[in-house]
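Below are the chains, spelled out letter by letter.
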Amino acid sequence: MSRRQKEKPTMSNDCENCGKCCIETEMIVSEHDIDLIMRKCQDHKRKQEFIFKNKDDLFQLKNIEGYCVFFDKLLKICTIYEFRPQGCRFYPLIYDFHRKKCIFDKDCPRVNLFYQDKQVLKEKCDVLKRFLKEQLKINII
Ligand code: SF4
Ligand code: SF4
């Protein structure tokens, strides 16, 4: 499969257009994510249309009628797949702030299909922690 085909706006193959993580999303986004979406997506030039500041003073994706503002619920696709936020790329890998470690989100029904290689998983976790510290300015140990 060519890179171009891989980047078409559907969920990744492992997801099989599940879209569960795009329902009532609580995805946090960085300034970099916001800039990328506004630069690349003609339909989303005003950030107020797709994000808000949450109670922790972090930018978060909005939902419309229970789905992420970027999710097409009829087609079950992410309409900004190529430019989706970094947190959506890490998912179902998330960081558990209480246990201070990367975990798989229990809400994803196919976690066993992701990051099967332990070394890849460790590297991805390091990237996730760096993202939280450097881009979201979240103080993790
Ligand atoms: S919940 Fe899991 S399987 Fe479903 S779309 Fe999200 S990452 Fe893919
Ligand atoms: S940006 Fe795309 S992948 Fe991320 S929650 Fe929204 S619809 Fe899902």
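Since we're looking at a predicted model, the values are computed, not measured.

Comments concerning the side chain of T25
- Within the element layout of this structure, T25 appears in the loop between α1 (3–6) and α2 (31–40).
- We classify T25 as buried; its relative accessible area is 7%.
- Those residues in contact with T25 that lie beyond four places of it in its chain are Q60, L61, K62, N63 and C68.

Details of unusual backbone geometry
- Cis geometry is found at the peptide bond from Y91 to P92, where omega equals 15 degrees.
- Topologically, P92 is positioned in the loop between α3 (86–90) and β7 (93–96).
- Phi angles above zero are rare outside glycine, and E24 is one such case at about 45 degrees.
- Examined against the element boundaries, E24 turns out to sit in the loop between α1 and α2.
- Unlike most non-glycine residues, E65 shows phi in positive territory, near 50 degrees.
- Along the chain, E65 falls in the loop between β3 (63–64) and β4 (67–68).

Some words on helix α4 (residues 118–135)
- Along its 18 residues, α4 runs 25 Å from first to last C-alpha, staying within 8% of the 26 Å computed at 1.5 Å per residue.
- Every buried residue of α4 is listed here: C125, L128, F131 and L132. Viewed end-on, α4 has its buried residues packed into an arc of 120 degrees, placing them on one side of the element.
- Among the structural elements, α2, α3, β7 and β8 (101–104) are those in contact with the buried residues of α4.
- Two or three places before Q119, at the start of α4, stands the capping residue D117, its side-chain oxygen 2.8 Å from that residue's backbone nitrogen.
- Within two residues after α4, K137 carries a phi angle of roughly 60 degrees, on the positive side.

Let's talk about the site of ligand 1
- In the neighbourhood of ligand 1, the contacting residues comprise C15, C18, G19, K20, C21, Y91, C108, P109, R110 and F114.
- Partitioned by chemical class, the residues of the shell around ligand 1 number seven nonpolar, one polar and two charged.

Criteria and cut-off values
Residues numbered from 1 in each chain as written. Chains lettered and ligands numbered in written order. Predicted model: local features only at pLDDT ≥ 70, side-chain atom pairs only at ≥ 80, totals over all residues. Heavy atoms only, no water. Helix = DSSP H or I, 4+ residues; strand = E, 2+ residues; numbered from the N terminus. Buried < 20%, exposed > 50% of the residue type's maximum accessible area, 1.4 Å probe, protein only. Contact = heavy atoms within 4.5 Å. Expected span 1.5 Å × (residues − 1). Arc of directions from axis to C-beta. Polar contact = N/O pair within 3.5 Å; in protein donor to acceptor, adjacent residues only side chain to side chain. Near = heavy atom within 4 Å. Nonpolar A, V, L, I, M, F, W, Y, C, P; charged D, E, K, R; others polar.

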